[in-house]
Amino acid sequence: MLTRRNWVLRLSIILNIAVLLYVGTHIASKNGGVDFIEELQASGRNLASIDISQLPLEPASSGGNSAVAAPKFVVIDNTDKIAVATSQADTESKESPTLVPASSSVISTKKPTKPSSSAATSEQSVVMDLRDQKVSQPVQEALQSENVTLRKLEDVVKCHDRNTDPRTAQRSDFWVLYNYIPASRKFRCHETVTYTTHADYTFLDNLAPLLERWQGPVSLAIHAPGTDFAPTLEAIRYARDCLSPLVSEYVTFHVFFGTRHVPKQVPAASSVIGEAANCSLRAPWINVTAASLYKTKAKILYPVNIGRNIARESATTHFILPSDIELYPSPGLIQNFLDMVRRQDPPLLHPNPKVFPLPIFELEKGVELPPNKTQLVAMLKNGTAIPFHKKLCPGCHNIPKSKEWMAANETTGIHVFHIGKRTGYFIHWEPIFIGTHKDPLYDERLSWEGKSDKMTQGYALCVLDYEFHILDNAFLVHKPGIKTMKKDPQRAMLAGKTNALIKKVIFPELKVLYGTRKGCAV
């Protein structure tokens, strides 16, 4: 009896296997394209990487027509970056479905029943025939171009995403509220460039013109000791709610103050942004003089390099532009710079470490900011613009080949115009440049009042044999108003003390840490 049952069980298993093999073969012959796409989806490949010619197709119909039917797909996109392709497709075929190409696309054989994340709520599902040349070819090209562009940039940059969680920590003799008020928009490390800067709350009026031209993330460290802390929070709230929607979208605020100047209360960030500002009132920084600040009354020197380093180290992107908040970049700088990085032009293949200095200019008060190099050069010719600090310290910011740079016509995009060094006539050059997190930081013992605050970093760059890749069509302009020399005995005294500190303490340390190189000086 047991033997008979065993044989029956074995026979049943064999029959089941045979039936499954038959059904599987039949389904595979009918839906090869669908299975193939599901396999692609499982493996994580996107639309831009699909070779259409390799897709399995449905067999010809029994009616004798030799034409092979093309498979149908559902394309799910998560962004609306290439709206132009959509309008082109709509123009060419009114009956064609609308497709919004994206930087990354997922292929599915059916519509998702539930979004996988909050970002998925903006995804659009359409069914399109990849062989419909009128509609799909320009869309395919746009999709492939966008995907290949981002993928190649990610391969070139090879960075790691950084943590953006708020935290409180000590830095030297300061308390720092890192990522205290974060920006609403997040970026991967390779996707953009972060403008990193520092200020007290009286400089926040610069955020609107800065962001209008920059259109990217800003990491801002604000010095707010003692009773300056409360108006600083009011100013942050006002800037986010009343200045421009770009502020809350792009700017991450870090706040710092000395350990001997801790404010009486530090509220949770949620309570700061949870209460809306009254935009009918004037901005908190209007008519506030430096003399009225707690910092001035307490005789605190402005810790410029503490702020610079906090903002720099908190930036989430690989490329950063450490700058001063009153310096506004030329429009389109981020995209044009990343296009250059993606191209990997020959100068970028040099083995030396490199940074990308931006020529800086001052403008007369009341003039409009130049939208491009052509307009800037016209302003230089009529005298409404001058090289930065021409009347204060010409050698500090004058770039190598500056005359040739101004004489060169503007071209499309950004390229390396000249590779300079911080030697010879430019031995005391203090460039502001696009760099990375690998570049030397600023010495935090130096203050703004004592001057020479970037000289020690410049020496380190020189000794490390950095190349300074000056860009042809990119520049910075200072907030309108040309600076002139003014006598300041107090600051002159502090500058003397700073020079002594650099010469006797910091410079010997730099020689031990970085070594020496002929032609390099602080």
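Structure: see above.
Residues numbered from 1 in each chain as written. Predicted model: local features only at pLDDT ≥ 70, side-chain atom pairs only at ≥ 80, totals over all residues. Heavy atoms only, no water.

S.K.: Explanation requested: the overall build of the chain in the structure shown.
M.R.: A count of helical and extended segments in the chain gives 16 helices and 17 strands. Long-range contacts, defined as pairs at least 24 residues apart, comprise 82% of the intrachain contacts of the chain with a sequence gap of at least 6. Accessible surface computed for the chain: about 27300 Å², of which carbon and sulfur atoms make up 54%. (Helix = DSSP H or I, 4+ residues; strand = E, 2+ residues; numbered from the N terminus. Contact = heavy atoms within 4.5 Å. Areas by Shrake-Rupley, 256 points an atom, 1.4 Å probe, with all protein chains shown as cover.)

S.K.: Mind showing me how you'd approach the sheet that holds strand β17 (residues 476–478) here?
M.R.: Within a beta sheet, neighbouring strands are joined by backbone hydrogen bonds and run either parallel or antiparallel to one another. One open sheet accounts for 4 strands, arranged β10-β17-β12-β13; its pairing is mixed. The sheet terminates laterally at β10 (327–329) and β13 (385–387), the two strands that pair on one side only. When strand polarity is set aside, the average angle formed by the axes of neighbouring strands in this sheet is 35 degrees. (Pairing = 2+ DSSP bridges. Axes fitted to C-alpha atoms, helices over the stretch in contact; angles between N-to-C directions.)

S.K.: Looking at this structure, how should I read the packing of aromatic side chains?
M.R.: Describing an aromatic ring pair means giving the distance of the ring centres and the angle of the ring planes. Scanning all chains against the criterion turns up 12 aromatic pairs. Summarising the aromatic geometry, the rings of Phe319 and Phe337 are spaced 5.1 Å apart at their centres and angled 85 degrees between planes, so their arrangement reads as edge-to-face. Separated by 18 residues along the polypeptide, Phe319 in strand β9 (residues 319–322) and Phe337 in helix α11 (residues 333–343) bring together distant segments of the chain. No difference in accessibility class separates Phe319 from Phe337, as the two residues are buried. (Phe/Tyr/Trp six-rings, centres within 6.5 Å; stacked < 30°, edge-to-face > 60°. Buried < 20%, exposed > 50% of the residue type's maximum accessible area, 1.4 Å probe, protein only.)

S.K.: What am I meant to see in the nonpolar core here?
M.R.: Most often, soluble globular proteins have nonpolar side chains that are buried together. With 78 residues, the main nonpolar core has Leu207, Trp214, Leu220, Phe253, Leu321 and Phe337 as its most contacted residues. The contact partners of Phe253, leaving out residues within four places of it in the chain, are Leu177, Asn179, Tyr180, Ile181, Leu207, Leu220, Ile222, Ile236, Arg240 and Val247. Ala169, Phe174, Val176 and Ala311 belong to the second largest nonpolar core, which has 9 residues in total. (Core = buried A, V, L, I, M, F, W, Y, C linked by side-chain atoms within 4.5 Å.)

S.K.: Sorry, what's going on with the sheet that holds strand β15 (residues 433–436) here?
M.R.: Spatially, the 10 strands line up as an open sheet ordered β4-β5-β8-β7-β6-β9-β15-β11-β16-β14, and their pairing is mixed. Two strands bound the open sheet, and with one partner strand each, they are β4 (167–171) and β14 (416–420). Ignoring which end each strand starts from, the neighbouring axes of this sheet average 25 degrees apart. Looking at chain direction, β4 and strand β5 (residues 174–181) are connected through 5 bridges and run antiparallel. By the bridge assignment, Arg171 is partnered in β5 with Phe174. Across the sheet, α11 is in contact with β6 (193–199), β9, β11 (354–357), β14, β15 and β16 (467–471); its angle to β9 comes to roughly 135 degrees.

S.K.: What am I meant to see in the state of the cysteines here?
M.R.: Here, the word disulfide means a covalent bond between the sulfur atoms of two cysteines. Considering all chains together, one arrives at 3 disulfides under this definition. Residue Cys159 pairs covalently with Cys189 via a disulfide, S to S 2.0 Å. Where Cys159 bonds to Cys189 through sulfur, the torsion about that S-S bond is close to 90 degrees, and the disulfide is right-handed. Taken together, the residues span a long stretch of sequence, with Cys159 in the loop between α4 (133–157) and β4 and Cys189 in the loop between β5 and β6 at a distance of 30 residues. Residue Cys242 pairs covalently with Cys279 via a disulfide, S to S 1.9 Å. Here the disulfide of Cys242 and Cys279 is left-handed, its torsion about the S-S bond being about -85 degrees. Of the two residues, Cys242 is situated in helix α6 (residues 229–243) and Cys279 in the loop between α8 (269–274) and α9 (294–297); the sequence distance between them amounts to 37 residues. (Disulfide = S-S within 2.5 Å.)

S.K.: Could you clarify how one ought to interpret the pairing of β11 in this entry?
M.R.: A regular strand places its side chains so that they alternate between the two faces of the sheet. Burial of the side chains of β11 extends over both faces: Lys354 and Phe356 are buried on one face and Val355 and Pro357 on the other. Alignment of β11 against β16, held across 2 bridges, turns out to be parallel. Of the residues in β16, the one forming a bridge with Val355 is Phe468. Sheet topology places β11 next to β15; 2 bridges connect them, and they run antiparallel. The residue bridging Phe356 from the neighbouring strand is Ile434, located in β15.

S.K.: Sorry, what's going on with the packing of helix α15 (residues 455–463) against helix α16 (residues 489–514) here?
M.R.: The axes of two packed helices give the description: the angle between them and the distance between them. Their axes nearest at 11 Å, the elements α15 and α16 cross at an angle of 25 degrees. The angle between α15 and α16 falls in the class roughly parallel. With respect to the hand of their crossing, α15 and α16 are arranged in right-handed fashion. Touching Thr456, Tyr459, Ala460 and Val463 of α15 are Ile502, Ile506, Phe507, Leu510, Lys511 and Tyr514, all from α16. (Parallel < 35°, antiparallel > 145°, perpendicular 65-115°, else oblique. Left-handed = near helix turned anticlockwise from the far one by under 90°.)

S.K.: So what exactly am I meant to see when it comes to unusual backbone geometry here?
M.R.: Of all residues except glycine, most have a negative phi; of all peptide bonds, most are trans. Positive phi outside glycine occurs at Ser172, with the angle close to 55 degrees. The exposure class assigned to Ser172 is exposed, which follows from its relative accessible area of 56%. The backbone of Lys299 shows a phi angle near 55 degrees, a positive value even though the residue is not glycine. Here Lys299 shows up in the loop between α9 and α10 (304–314).

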